[in-house]
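Per-entry structural report
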Amino acid sequence: MKAQTDTPGRETTYIGAVSEAVRSILIEQDEAFVAGEDVAGAGGVFGSFRGLLDEFGDRRIVDTPISEEGIVGLGVGAAATGLRPIIDIMFMDFMGECMDEIANQMAKMRYMFGGSATLPITVLTMSGGGINMAAQHSQSLEAWICHLPGLKVVAPSTPYDTKGLIISAARDNNPVFVVMNKLSLRNRGPVPEEPYEVPIGSANVVREGTDVTVVTYSRMVGEAEKAAETLAGEEISAEVIDLRSLQPLDTESILESVRKTNRAVVVHEAVRFGGLGGEIASQIQEHAFDYLDAPVTRVGAPFSPVPFSPVLEQAYLPNAIKIASEVRELFS
Amino acid sequence: MQIGIIANPNAGKDIRRLTAGASVSSTEEKVAVVRRFLAALCSSCCPDIHYLDDSGGIVRSALRSLGIQGQELDVQSEGLSTDSECAADKLRGVDLVVSLGGDGTNRAITKGWRDIPLIALSTGTNNAWASMTEATSAGIAAGHIARKHLDEQAISVKSKVVHVSFDDNRNDSLALVDVVGTHDKFTGARAIVDPEQYAFAVVTQADAAKIGMVGVAGACMQVRADEKRGAALTFNVENETSRTVRTAIAPGLVRDVRIVSCEELRFNQCKSFSGPMVVAFDGEREEYLAKDQTVNCVVKQDGPRLFDVSATLREASRLGLLTIGRSREVSSA
Amino acid sequence: MDLSDSTLLDIHRRMVRIRTFETEAGKLAEAGKIPGALHLYVGQEAIAAGVMSQLSNQDWITSTHRGHGHLIAKGGEFGPMFAELYGRATGYCKGKGGSMHISNMDLGMLGANGIVGAGPPIAVGAAFTLKYRESDNVTVTFFGDGASNEGSFHEAANMASLYKLPLLFVCENNGYGEYTPQESHQAILDVADRASGYGMPGVVVDGMDAIAVYESVHAAIARAKSGSGPTLLECKTYRFFDHVGVRGMGLAYRTDEELAEWQKRDPIHMFEARLQELGVLSADQAKAIHEEILSAVQRGIEFAESSPMPDPATLLEDVYA
């Protein structure tokens, strides 16, 4: 599915899209509120909630203590009892502080209760490296949450998708994690002023091609597009799929592309071992083995914590050069 | 020189923290109080210390932190008020006992050793009997008291006791400050917080400056701690209210109390009341009285010798006992 | 405090319902009829009854792994409860939760919980909803002495007090975190002491005395409804059965003498004795209530045993809304 923009020319940043989405939900849903560290007075450390306190007051924009387990528990309890919380976990790395409330409560409560509880929670969180924040503020831990039945996970790459996916997440009656990317915050792109949804569970073919499918998401979409541009000059036509939604996964869009190109590389910024790439590669081989002309390969971070030094960090992060290089291997 | 220590870990934890906003007295704070007392006491003398190894480990912790040896009393502490009672009984014969708790704790101690020589360190809820004292001062004073070189009459008060008996085979009981009958059906959370339920009271003191039943009585008359009389009150009889007083029935709780009668009670004069009701001692509901049962109250002056820390230190100063390294004669200049 | 006869009988009935259900459930577990682990509430009935007799279905509670008593006191029916323990389709959770996750949203019961200490943060959320909606209801979170060592309790206590939420922290201190005695798992005597660190009152309550619980809870609810925020009530109690099941795994972590001492203060026996003295409940009436409740429990068991197993086709239902 191709992204459509109905008001061409209007642009905003990735972070601006977050604010617009949250604001539109707060206007639309009386039961929605935002809770997290520094979200009210400070407007969010990334600026996601700037101005919302003035507009909506401290009943709906709630500063919390630095207590991630308490914050997520607040979301679970408030959602189960009828509100629609938007919970901000500043850095995804902090999930370690609240994993019980995520994994054992939020993800399972509905199932354990035989369907009697509904948990419309939106969790906003930031992932990714590239800004020298070192090992505990740079991780891409989406595999942790994609492994938990009961949760949905989306990871937008563009301002347009960010706004649309947050709105979809907040209108969904399930817990949805919106995993955003720190290095993308100032990226600009077309964003309509009116609220709109980007459906959860639907991938986006951002560049069409015929020789290889690059399956990726979040900031790596841009790197894959750059790699595709380079490869085009080498007579390799790469199709780039932006998954947008990681759980549920739009397997059909992936397979449709691979059946056409017969080759696939899965790319993510997360550590390669045990990452989502393994799951996606496995699904391609299960469902499209006969279409493959080469093994499905993966590009991801090495099996190391994210380093601090800018030199080491750049060596660590996947990028367009590494993606292009991996693609060339499929044709050698 | 023999000094006993009884600390009650349960004191200062009841519902009045909630209903009255009374101060919380944590176990750790109690350890600190006992530690201050011991540090001051042992700065000038080396008494034999006998202590109840209370269920909170209060005295044990304080002794250990100061490296002071003490002798543990042969009492199996169960976290109940009987711990303090048994400990006091075992301490009979020592020169002085220091207690840490409220009126309820001192009552339990008095049940164990009725005319015990006592310094009472209050944990600070609702204590009409003992006044608030800094433990450090009490420690210094205790050394002087135990040496017995001060005039006892000048530094202590012989306490009054309400002796309580029942007309069935129940054990006699006592209170240091007040016996109160209420129309509650249960002992429940123990503390008395609803003046609408008051039926009668017998008090050893009446003082408008104090809180609780002593303050209620004090709104009608004055009976000092050293006066040879008590007072008896009745409440809440339809159409018989003689006066309504507005007074502090607990810390933070000012209520209107409808008094039917308030009269002097001479020593050895017996006041009897019939059930059904719940009878509270020194602020805690404890006994049930059925419709046909009676409780008898008599005030006497045969309770603990309660030492006044301030008076003790002033007297010690007057006699030059607080001066070290020189003759006892102190210039009056 | 002046309690009506009907309130007293209501508290009594809630306690007897818990005792009877748990005793029979324990027998069924030991007979191998109920799969999985049961953490039984026998001995602690005064707490659930003293609290729940003052709550409505619009008041929320979060529970613990020892949660049957809370649900029964909140109005849970024996049939769907036993059906859940049996893993039947007619259970409160359609057989997907079992003993450790038994819940009923309509009754305001946000679930037993297999994770020690997980409830308080969720209760903060439920209390947040009540405050957000300016409702006059309260939330109660039950947890144990063991859970008071979890960070989740401390985060929740801080947040509830910060936001002045209508929340009661009811600690059921039964002296043991699983099999470890309190003195070996925390350096304090009273969990109530922890309240002062969060700017709320902490009170020690006799958890074997239903009226002591009732009066304390009554005051804490009044405080919550006045907008003054949460209260920590530490109810000292004891579990008459083992951590798991009735006799458990036979671990020698406590003595028979200790158990016998606590059983002398059986919350139901003490309460019935007083109700008799007050003329509220005769021995014959008490016996009749026990019998009536036992037969209701037996009907509940029959309901469960005659209920269908879940259809394997429902395996993937309710993962998502």
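Every residue gets a number counted from 1 within its own chain, in the order that chain's sequence is written. Chains and ligands are labelled by the order in which they are written, letters from A for the one and numbers from 1 for the other. Predicted model: local features are reported for residues with pLDDT of at least 70 only, side-chain atom pairs are reported and counted for 80 or more only, and whole-chain, interface and lining totals are derived from all residues. In computing side-chain values, all of the structure's heavy atoms are included and hydrogens and water are not.

Quick word on the sheet that holds strand 3 (residues 61–63) of chain A
Residue and element names in this part refer to chain A.
- Strand order across the open sheet formed by seven strands is 3-2-4-5-7-6-12, with mixed pairing between neighbours. Edge positions in the sheet fall to strand 3 and strand 12 (245–247), since each of these pairs with one other strand and no more. Averaged over all neighbouring strand pairs, the angle between strand axes comes to 20°, with direction disregarded.
- Taken together, the five bridges between strand 4 (residues 84–91) and strand 5 (residues 122–127) define a ladder with parallel strand orientation. Across the sheet, Asp 88 pairs through a bridge with Leu 124, a residue of strand 5.
- Along the sheet, helix 3 (residues 68–80) makes contact with strand 2 (32–36) and strand 4, crossing strand 4 at roughly 165°. Whether two strands pair depends on DSSP finding at least two bridges between them. Helix and strand assignments follow DSSP, with helices taken as H or I runs no shorter than four residues and strands as E runs no shorter than two, numbered in order from the N terminus. Each axis is a line fitted through C-alpha atoms, and for a helix only the stretch in contact is used; angles between axes span 0 to 180 degrees, taken between their N-to-C directions. We call two residues contacting when some pair of their heavy atoms lies within 4.5 Å.

Notes on the packing of helix 3 of chain A against helix 6 (residues 151–162) of chain C
- Packing of helix 3 of chain A against helix 6 of chain C brings their axes to within 8 Å, and their N-to-C directions diverge by 70°. If you check the angle between helix 3 of chain A and helix 6 of chain C, you find them roughly perpendicular. Taking contact as the criterion, the partners of A:Glu68, A:Glu69, A:Gly70, A:Ile71 and A:Leu74 in helix 3 of chain A are, on helix 6 of chain C, C:Gly151, C:Ser152, C:Glu155 and C:Met159. Roughly parallel covers angles under 35 degrees, roughly antiparallel covers those over 145, roughly perpendicular covers 65 to 115, and oblique covers all other angles.

Comments concerning the interface of chain C and chain A
- The partner chain A presents 46 residues to the 36 residues of chain C that form the contact.
- In this assembly, chain C packs against chain A so that about 3300 Å² is buried in total across both faces, 61% of it on carbon and sulfur atoms.
- Each salt bridge in this description consists of a side-chain nitrogen of Lys or Arg and a carboxyl oxygen of Asp or Glu lying within 4 Å of one another. For the pair chain C and chain A, the number of links is one salt bridge.
- Among the ionic pairs, A:Glu31 bridges to C:Arg133, the shortest N-O distance being 3.4 Å.
- Under the rule applied, a polar contact is a pair of N or O atoms within 3.5 Å (in protein, one hydrogen donor and one hydrogen acceptor; residues adjacent in sequence only if both atoms are side-chain atoms). Along the contact surface separating chain C from chain A lie 22 residue pairs in polar contact (both at pLDDT 80 or more). Here the quantity called buried area is the accessible surface, traced with a 1.4 Å probe, that two parts lose on coming together, added over both.

A look at the packing of helix 1 (residues 5–30) of chain C against helix 2 (residues 45–52) of chain C
Residue and element names in this part refer to chain C.
- One can describe the packing of helix 1 onto helix 2 by two numbers: an axis separation of 9 Å at closest approach and a directional angle of 140°. When the axis of helix 1 is compared with that of helix 2, the two are oblique. Handedness of the crossing formed by helix 1 with helix 2: right-handed. From helix 1, Ile 11, Arg 14, Met 15, Ile 18 and Arg 19 reach across to helix 2, where they touch Glu 45, Ala 46, Ala 48, Ala 49 and Met 52.
- Ten residue types, Ala, Val, Leu, Ile, Met, Phe, Trp, Tyr, Cys and Pro, are classed as nonpolar, four, Asp, Glu, Lys and Arg, as charged, and the remainder, Gly among them, as polar. Class assignment of the residues belonging to the contact of helix 1 with helix 2 gives a composition of seven nonpolar, no polar and three charged. A crossing counts as left-handed when the near helix is turned anticlockwise from the far one by less than a right angle, and as right-handed when that turn is clockwise.

Structural notes on the domain arrangement of chain B
Residue and element names in this part refer to chain B.
- Where each domain starts and ends follows an automatic or database-derived domain assignment. Assigned domains within chain B: domain 1 (2–159 + 303–318) and domain 2 (161–300).
- Each of domain 1 and domain 2 was reduced to a C-alpha centroid, and the two centroids are 26 Å apart.
- Each partner contributes to the interface: domain 1 provides 20 residues, whereas domain 2 provides 26 residues.
- Across the interface of domain 1 and domain 2, roughly 1800 Å² is buried in total on both sides, 64% from carbon and sulfur atoms.

Things to note about the side chain of C:Arg254
Residues and elements named next belong to chain C.
- Of note, Arg 254 is situated in the loop between strand 7 (231–236) and helix 9 (256–263).
- The side chain of Arg 254 sits in the buried core without any salt bridge; Asp 242 is the nearest counter-charge, 5.0 Å away.
- In this structure the side chain of Arg 254 is engaged in a polar contact, spanning 3.5 Å, whose partner is the backbone oxygen of Phe 240.
- For Arg 254, the contacting residues outside a window of four places in its chain are Tyr 176, Tyr 238, Arg 239, Phe 240, Phe 241, Asp 242 and Leu 259. Per-residue accessibility, obtained with a 1.4 Å probe over protein chains only, is compared with the maximum for each type, and a residue is labelled buried under 20%, exposed over 50%, and partly exposed between these values. In this tally, Asp and Glu contribute negative charge and Lys and Arg positive charge; neither His nor the terminal groups of the chain are included.

What to know about the sheet that holds strand 9 (residues 204–207) of chain A
Residues and elements named next belong to chain A.
- Read from one edge of the open sheet, five strands run 9-11-10-13-14, paired in mixed fashion. The open sheet terminates on both sides in strands that have one partner only, identified here as strand 9 and strand 14 (297–301). Within this sheet the neighbouring strands show an average axis-to-axis angle of 25°, counted without direction.
- Bridge count between strand 10 (residues 212–216) and strand 13 (residues 264–271): three bridges; the pairing is parallel.

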